[in-house]
Amino acid sequence: MAKYILLALISSFSLFATPKETIQEEEIFVGDTVHYQLELTEGVESDLQMEEGDFYEDSTMPSFKIFNIKKDNTKLSATILFYKPGNFILPISWKENGEEKNSTKTIKVKSQLLGSETDIEDSEPPIIFSGPYLFRLLLVLLITAINLYLLYALYLYWKSKPKVVDALWEKQPVLEETTKRLHVIETYLESESIYEKELAFKISEYAKEVYSKRLEKKFLGNTDSEFLAELFDRTHIDGSILRNLRFFLRNTKYDNNQTKLEKEEARSVWEKIKKDMEL
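Burial along strand β2 (residues 33-39) is one-sided: Val34, Tyr36 and Leu38 are buried, while Thr33, His35, Gln37 and Glu39, pointing the other way, are not. Alignment of strand β1 (residues 20-23) against β2, held across 4 bridges, turns out to be antiparallel. Across the sheet, the residue bridging to lysine 20 is glutamate 39, located in β2. When β2 meets strand β6 (residues 75-82), the two strands line up antiparallel, connected through 7 bridges. The partner of tyrosine 36 across the bridge, within β6, is alanine 78.

If you want it as structure tokens, here you go:
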């Protein structure tokens, strides 16, 4: 008799057994991710149904989102993200003895706002600058205008001041070698004693410097014969002019020549060589 009573109790317990719905989180706030799990009684409930996606209570914005659903015959788990505070029942259904059942577990979602905030402003920007916005804009513009004026005044002051340059820091002009050698000849022609030999050396050095620059080759280390032979090969100067110049330089530079020249005579020698050699 006891066996029949025990069997009747077990049968009645299975008949009225309810599914087990659990949520891992104790407190839930807007924006929290919630982990939901449903476990059905073996052999009684079946055909679990739960949709993914956003769920709306009105047409403005979704109340919550269901995603990452995993299920088998008797178990189902899902992740829910709540967008609003309130009490929510998830849209889940199953078959129980051939009858469709829905979840009755209420999930309470709290708001992070306490209701005592006084500095909450509209998230949308104002259409026009007015009130404190207009005052702040005018203040920024005023400060910017003052800074620009001060910078411009400082620029005018700096520009009006005379520029004093320390002479010790000024870069001294550097004369080209040809200019220096030409100046040496012109100065020597103005001296009281002009020697033909000295004049010939100065003219030879100046001519070599000029053609070193023109022909892009160093001639100062060459003898007069080598230098004039190079000019014969690489310039249009007449050969007779080069031969006469070679005789003049050889007879005046390397002999024991102590001949003095008058200023006009020395000037004439210089002008002729300068013209013949296009110096």
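Let us now look at the environment of threonine 179. Considering the arrangement of structural elements, one finds threonine 179 in helix α3 (residues 177-188). Between the C-alpha atoms of threonine 179 and tyrosine 206, which are 27 residues apart in sequence, the distance is 9.0 Å.

A few words on empty space enclosed by the protein. The gaps of empty space that remain are located by a probe, the size of a water molecule, rolled over the atoms. Tallied over the entire structure, the rule returns 1 cavity of 30 Å³ or more. A volume near 40 Å³ is recorded for the largest cavity. For the lining of the largest cavity, the secondary structure elements donating two or more residues are α4 (196-215), α5 (224-234) and α6 (239-253). Here the lining of the largest cavity takes 4 residues from α4, the largest share from any one element. Of the residues that constitute the lining of the largest cavity, the class distribution is 7 nonpolar, 1 polar and 2 charged.

What follows is about the pattern of salt bridges. As enumerated under the stated definition, the model contains 17 salt bridges in all. Glutamate 27 is the partner of lysine 110 in a salt bridge, and the nearest nitrogen-oxygen pair spans 2.6 Å. Placement of the pair is lysine 110 in the loop between β10 (106-109) and α2 (132-160) and glutamate 27 in the loop between β1 and β2, with a sequence separation of 83 residues. Note on lysine 110: relative accessible area 31%, which makes it partly exposed. Given a relative accessible area of 46%, glutamate 27 falls into the partly exposed group. One salt bridge in this structure joins aspartate 224 and lysine 253, with 2.9 Å as the shortest N-O distance. In this pair, aspartate 224 sits in helix α5 while lysine 253 sits in helix α6, placing the two residues 29 residues apart along the sequence. Per residue, the accessibility class of aspartate 224 equals that of lysine 253, and both read buried. The network of salt bridges with common partners includes Glu177, Lys180, Arg181, Glu205 and Glu209.

Calculation notes
- Residues numbered from 1 in each chain as written.
- Predicted model: local features only at pLDDT ≥ 70, side-chain atom pairs only at ≥ 80, totals over all residues.
- Heavy atoms only, no water.
- Buried < 20%, exposed > 50% of the residue type's maximum accessible area, 1.4 Å probe, protein only.
- Helix = DSSP H or I, 4+ residues; strand = E, 2+ residues; numbered from the N terminus.
- Pairing = 2+ DSSP bridges.
- 1 Å grid on protein atoms, 1.4 Å probe; cavity = no way out; pocket = protein on both sides within 12 Å on 5 of 7 lines; lining within 4 Å.
- Points joined across faces, edges and corners; volume = space filled by probe spheres on them.
- Nonpolar A, V, L, I, M, F, W, Y, C, P; charged D, E, K, R; others polar.
- Salt bridge = Lys/Arg side-chain N within 4 Å of Asp/Glu carboxyl O.

All we've got here are geometric facts, nothing functional implied.
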